[in-house]
Amino acid sequence: MANMNFNTTFVPVTVDPDKIYDHSFAIIKEEMGEHPFTDEQWLVVRRVIHASADFELGRSMIFTPDAIEAGVQSILAGRHVVADVQMIESGSGRRRFQKHGGDLHCYIADEDVAKEAKAQGTTRAIISMQKATSLHEGGIYAIGNAPTALLELIRLVKDGLAKPDLIIGMPVGFVSAAESKAELAVLEGIPFITNAGRKGGSTVTVAALNAISIMADERAKAAK
């Protein structure tokens, strides 16, 4: 048994990593209480709450009815995932995408993106979405930091220049974050996962993305 003598007044319930996860999810389920989410949506919501310890954020999440299935099928079909910032690229379990034939990409730090953004006097996030949609058909777009990336992706969809399989749009902040998500919440024809208000971020976007990729993995294993 692992040593739990930290020489502190508080002693953790367990130091077993699996049991910590199970205990966390049990607490989240109890404290959340009744909610309007389907069983599959709840698997995403509880991971978002686990990543943020924020029940208000969890309760504010919005799903199109087909969002979960669209994300699972996209991963199983080997479609690529595009992130707005490198933090999502680092935090996601990209091996789950790779074994189905896809991968995760982030273009915001690319030299050509930076050069074009400077020339146009705009954000690298906007140019990175233009580059991504020119390179990849369909796929999942995971946006947790840059509202301008989400707004540009919405524009590209409306102009018929992009048709993602799923948009996970949960940027955080005080400038345009809530507004960009409000625009996503009324976008027609594209499955999406978002939340209302200023809260969000790369951490919770990764949590949602990972929840879907885990479901895809489980679906693939069950089919064998």
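About the criteria used
- Residues numbered from 1 in each chain as written.
- Predicted model: local features only at pLDDT ≥ 70, side-chain atom pairs only at ≥ 80, totals over all residues.
- Heavy atoms only, no water.
- UniProt positions renumbered as here; feature names shortened; annotations may be inferred.
- Buried < 20%, exposed > 50% of the residue type's maximum accessible area, 1.4 Å probe, protein only.
- Helix = DSSP H or I, 4+ residues; strand = E, 2+ residues; numbered from the N terminus.
- Arc of directions from axis to C-beta.
- Contact = heavy atoms within 4.5 Å.
- Salt bridge = Lys/Arg side-chain N within 4 Å of Asp/Glu carboxyl O.

The name given to the protein in an unreviewed UniProt entry is Precorrin-8X methylmutase, and the organism recorded there is Cytobacillus firmus. Listed under Pathway (unreviewed entry) in UniProt, the entry text for the protein is "Cofactor biosynthesis; adenosylcobalamin biosynthesis." Listed in UniProt under the heading Sequence similarities (unreviewed entry), the comment for the protein reads: "Belongs to the CobH/CbiC family."

Bringing helix α10 (residues 177-184) into the picture now. For α10, the set of buried residues is Ala177, Ser180, Lys181 and Leu184. On an axial view of α10, the arc spanned by its buried residues comes to 95°, and they lie on one face. Close packing links the buried residues of α10 with α9 (147-158), β5 (166-169) and β6 (192-195).

Here the structure, examined in full by the defined rule, presents 9 salt bridges. Measuring nitrogen to oxygen at the nearest pair gives 2.9 Å for the salt bridge that ties Lys199 to Asp54. Pair noted here: Lys199 is in the loop between β6 and α11 (202-223) and Asp54 is in the loop between α2 (39-52) and α3 (55-59), with a separation of 145 residues, a long-range link. For Asp54, a relative accessible area of 16% corresponds to the buried category. When the shortest N-O distance is used, the salt bridge between Arg219 and Glu69 registers 2.9 Å. With Arg219 in helix α11 and Glu69 in helix α4 (residues 67-76), the pair connects residues that are 150 residues apart, well separated along the chain. Via salt bridges that share partners, Asp54, Glu56 and Lys199 belong to a single interconnected network.

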